[in-house]
Amino acid sequence: MIKVDYSYAGEFISDAELEAIRPEVEAARDTLVKGTGEGNDFTGWVDLPEKYDRAEYARIKAAAEKIRSDSEVLLVIGIGGSYLGARAAIEALGGTFDRHVIFCGNNISAKYTQDVIDYIKGRDFSINVISKSGTTTEPAIAFRLFKKLLEDRYGAAEAAKRIYATTDKVRGALKTMADGSGYETFVVPDDVGGRYSVLTAVGLLPIAVAGVDIDALMAGAQAMRRECLEKEYMDNEALKYAALRNILHRKDKSVEILVNYEPCLHFVSEWWKQLYGESEGKDKKGIYPSSVDFTTDLHSLGQFVQDGSRIMFETVLNVVNNGTSIVVGSDEKNLDGLNYLAGKEMDFVNKAAMQGTIQAHTDGKTPNLKVDMDRLDAYNLGELFYMFEFACGVSGYVLGVNPFNQPGVEMYKRNMFKILGKPGY
């Protein structure tokens, strides 16, 4: 269960303001659901939890089982929305130190690439290359390199059985290569943009390989979709979140910091940053998405959040039921002065740090919202993914932008291609 709590922001947001913005938010929801707004050709994710391809879903499960049986490592090659959702789910649910799935092709670092090469030496591996076109620079370089290593180790015929391409259904360089080489292929839907694609084959295959229950993930998304479409404004967590952040934005809060107190949620924050950054940051508008890992970052950024420029608000991700019990012990000498914590669970201490920080930051005039997850499991994460996606679409329309394009990301590519001497640039 996901709940948005704004009780800590009462000083900054009144019930009257929430009611005043209601018509805009409900109109934005209608625009999103009816597909009448800008970017409506990329809103296939809205109905995806109910209308996904069941036959492909079964093939995803079968491929995941094969990979787990014949490979110690799956290399997932992709960038942006082609990897962030999967990495977020795997690190949140698959174990902090799980290395069955390695992500590459999301940078052009020679050192990182060499580290991956060193890691897979002597290990059986497969590749899931994810790209709509097959020509995006970072993943294309990585795929060229790791495909050769795979073919050198297993031979071309066997290597082809270990390469899974998630790409366009009918066109593009990667689709052409996959068809010509006999790779098993999965589809990047035409009507789902990369940052909304975690519940397609883009995210589901790597997530399933990591051992996460994708049935529960999809069930959570289905439940949240029903809530988003059916529940009234103040009982609708996605609409409430979209409304709250826009109210704060209109009060010159131009930066939103997503806060977690569980290190395994770090890449949920990274996924969220792309979702909101690419969706809202255009036409010289938008709320800048940032993130911190507390309590760790309290020792580096806490001072700024407490006393720095008042341009920000925080949204705290809170896992209500941690599911882990570790008790602080006692020490006879008590040189560290911690015996007052003896017998208390670490999660209790962590929650106390969270409550104390929220209070301190609100006292320092940084508004705090809180998103409560009942527990950290696949069902709740499916709910969270969909809630953030739906709220993002609504919030983008309230802001007055197209939430489904990203025209600005092409600028650096043109400059880079010119510097590298690519033909035509």
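Keep in mind that what you see is a predicted model, and the values were worked out from it rather than measured.

Hey, could you run me through helix α1 (residues 15-34) in this one?
Residues spaced three or four apart along an α-helix point in a common direction, a consequence of the helix completing one turn every 3.6 residues. With 20 residues, α1 should cover 28 Å at 1.5 Å per step; its first-to-last C-alpha distance of 28 Å lies within 8% of that length. In the structure, α1 departs most strongly from a straight axis at R22, where the bend amounts to approximately 45° and where the proline P23 lies between one and four residues downstream. Along α1, the residues that are buried comprise L18, I21, V25, A28, R29 and L32. Residues of α1 that are buried sit in contact with α10 (214-230), α11 (237-249) and α15 (378-399). Among the residues trailing α1, G35 stands out with phi positive, at a value near 70°.

I tried to follow the environment of L199 on my own but got confused; where do I start?
In this structure, L199 sits in the loop between β6 (184-187) and α9 (201-209). Sequence spacing of L199 and L145 is 54 residues, and the spatial spacing of their C-alpha atoms is 28 Å.

Teacher, can you tell me more about helix α6 (residues 137-154) here?
For α6, which comprises 18 residues, the first-to-last C-alpha distance of 26 Å matches the rise-based estimate of 26 Å (1.5 Å per residue) to within 8%. Within the sequence span of α6, burial applies to T137, E138, P139, A142, F143, F146, K147 and L150.

What exactly am I supposed to notice about the pairing of strand β2 (residues 73-77) here?
Along any regular strand the residues' side chains alternate between the sheet's two faces. Judged by how many residues are buried, β2 sits mostly within the fold: five of five residues are covered. Neither face of β2 is open: one carries V73, L75 and I77, the other L74 and V76, and all of them are buried. Strand direction decides the pairing type here: β2 and strand β4 (residues 125-130), joined by five bridges, are parallel. Note on β4: the bridge partner recorded for L74 is S126. For β2 and strand β3 (residues 101-104), the ladder comprises four bridges, and the chain directions are parallel. Residue L75 lies in a different strand from β3, and its bridge partner there is I102.

Whenever I open this one, the packing of aromatic side chains confuses me. Can you help?
Geometry of an aromatic ring pair is reported as the spacing of the ring centres plus the angle between the planes. If you walk through the whole model with that rule in mind, you get 17 aromatic pairs. With 6.2 Å between their ring centres and 50° between their planes, W45 and F404 make a pair best called tilted. Note that W45 is positioned in the loop between α1 and α2 (48-51) and F404 in the loop between α15 and α16 (410-420), a separation of 359 residues in sequence. As far as the burial class goes, W45 and F404 line up, both buried. Centroid distance Y196 to F404: 5.3 Å. Interplanar angle 55°. Geometry classified as tilted. Taken as a pair, Y196 in the loop between β6 and α9 and F404 in the loop between α15 and α16 lie far apart in primary sequence, 208 residues in all. With a relative accessible area of 5%, F404 lands in the buried category.

Can you help me understand the sheet that holds strand β7 (residues 255-260) in this one?
Within a sheet, neighbouring strands are paired by backbone hydrogen bonds and run either parallel or antiparallel to one another. Strand order in this open sheet of five strands is β1-β10-β9-β7-β8, and the pairing throughout is mixed. Every interior strand has two partners, whereas the edge strands, β1 (2-5) and β8 (288-293), have only one. Between one strand axis and the next, the sheet turns by 20° as a mean value, whatever way the strands run.

How should I be thinking about the pattern of salt bridges in this particular structure?
It is possible for side chains bearing opposite charge to pair when their charged atoms get close. One pass over the full model with this rule turns up 35 salt bridges. Close ionic contact of E278 with R195 constitutes a salt bridge, the shortest N to O distance being 3.0 Å. Highlighted residues: E278 in helix α12 (residues 266-280) and R195 in the loop between β6 and α9, separated in sequence by 83 residues. Since its relative accessible area comes to 23%, E278 is described here as partly exposed. A salt bridge links D347 to K351; the shortest N-O distance between them is 2.9 Å. A residue pair is termed a helical-turn pair when its members lie 3 or 4 positions apart in one helix, as D347 and K351 do in helix α14 (residues 346-363) at four residues.

Definitions and limits used
Residues numbered from 1 in each chain as written. Predicted model: local features only at pLDDT ≥ 70, side-chain atom pairs only at ≥ 80, totals over all residues. Heavy atoms only, no water. Helix = DSSP H or I, 4+ residues; strand = E, 2+ residues; numbered from the N terminus. Expected span 1.5 Å × (residues − 1). Bend = angle between axes of the 7 residues up to and from the residue. Buried < 20%, exposed > 50% of the residue type's maximum accessible area, 1.4 Å probe, protein only. Contact = heavy atoms within 4.5 Å. Pairing = 2+ DSSP bridges. Phe/Tyr/Trp six-rings, centres within 6.5 Å; stacked < 30°, edge-to-face > 60°. Axes fitted to C-alpha atoms, helices over the stretch in contact; angles between N-to-C directions. Salt bridge = Lys/Arg side-chain N within 4 Å of Asp/Glu carboxyl O.

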